[in-house]
Amino acid sequence: MRTLLNLIWLVLAGFWLAIGYALAGIICCVLIVTIPFGIAAFRIAGYTLWPFGRTIVDKPSAGAGAVLGNIIWVIFAGWWLALGHLVTGIALCLTIIGIPLGVANFKLIPISLLPLGKDIVPTDQPFATR
């Protein structure tokens, strides 16, 4: 079922979201100071391609730099991205077929809001801290 949902997601939304996040990552990496944000954007791009069967966990090694970076991210990009995923998720949940895709959009809100200090792991990974 995960594979079927991921394929539907990929065709309807995931591919375009991944391209958007990847382009943002490229722009952030070109501007040398924003490379951590570019890496986070690439991580989100990979997650948006195949979200079902994976989850977000906190990195135990994340420190004050991740907190400061997340504050900057929220101010300049995070809340716009989270709001976009929220509105799209609500719109998708209006149809029965779109409910799983809406839930996938809701799963993207935490990482689009605060991406630094997070990691994406399979849901069946035995030692994933949730």
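Every value quoted in this text rests on a predicted model; they were computed, and no experiment measured them.

Engineer: Explain the packing of helix H1 (residues 2-30) against helix H2 (residues 35-49) to me, using residue names and the numbers behind them.
Structural biologist: The geometry of H1 relative to H2 is characterised by a closest axis approach of 7 Å and an angle of 170° between their N-to-C directions. Between H1 and H2, the angle is such that the two are roughly antiparallel. A class-by-class count of the residues in the contact of H1 with H2 yields 18 nonpolar, five polar and no charged.

Engineer: Mind laying out the UniProt feature "domain: Inner membrane component" (unreviewed entry) in the protein chain, listing which residues take part and the relevant values?
Structural biologist: Per the UniProt record, the feature "domain: Inner membrane component" (unreviewed entry) sits at residues 4-54 and 68-118. This span, residues 4-54, is 82% helix and 2% strand, and a straight line between its end C-alpha atoms measures 14 Å. Measuring from the first to the last C-alpha atom of residues 68-118 gives 14 Å, for a span that is 78% helix and 2% strand.

Engineer: I'd like a description of helix H4 (residues 99-113), backed by residues and values.
Structural biologist: Residues spaced three or four apart along an α-helix face the same direction, because each turn holds 3.6 residues. The end-to-end C-alpha distance of H4, which contains 15 residues, comes to 22 Å, matching closely the 21 Å that a straight helix rising 1.5 Å per residue would cover. For H4, the complete set of buried residues consists of Leu101, Gly102, Ala104, Asn105, Leu108, Ile109, Ile111 and Ser112. Looking at the buried side of H4, the elements it contacts are H1, H2, strand S1 (54-58), helix H3 (64-92) and strand S2 (118-122).

Engineer: So, the packing of H1 against H4: which residues are in play, and what are the values?
Structural biologist: Running from N to C, H1 and H4 cross one another at 35°; their axes reach a closest spacing of 10 Å. In the packing of H1 onto H4, the handedness of the crossing is right-handed. Across the interface between the two elements, Leu5, Ile8, Trp9, Leu12, Leu17 and Tyr21 from H1 touch Pro100, Leu101, Ala104, Asn105, Leu108 and Ser112 from H4. Grouping the constituent residues of the contact of H1 with H4 by class yields 10 nonpolar, two polar and no charged.

Engineer: Help me get a handle on the pattern of salt bridges, residues and values and all.
Structural biologist: Counting across every chain of the model gives one salt bridge. A salt bridge links Lys118 to Asp58, with the shortest nitrogen-to-oxygen separation between them at 2.5 Å. Pair noted here: Lys118 is in strand S2 and Asp58 is in strand S1, with a separation of 60 residues, a long-range link.

The rules we used
Residues numbered from 1 in each chain as written. Predicted model: local features only at pLDDT ≥ 70, side-chain atom pairs only at ≥ 80, totals over all residues. Heavy atoms only, no water. Axes fitted to C-alpha atoms, helices over the stretch in contact; angles between N-to-C directions. Helix = DSSP H or I, 4+ residues; strand = E, 2+ residues; numbered from the N terminus. Parallel < 35°, antiparallel > 145°, perpendicular 65-115°, else oblique. Nonpolar A, V, L, I, M, F, W, Y, C, P; charged D, E, K, R; others polar. UniProt positions renumbered as here; feature names shortened; annotations may be inferred. Expected span 1.5 Å × (residues − 1). Buried < 20%, exposed > 50% of the residue type's maximum accessible area, 1.4 Å probe, protein only. Contact = heavy atoms within 4.5 Å. Left-handed = near helix turned anticlockwise from the far one by under 90°. Salt bridge = Lys/Arg side-chain N within 4 Å of Asp/Glu carboxyl O.

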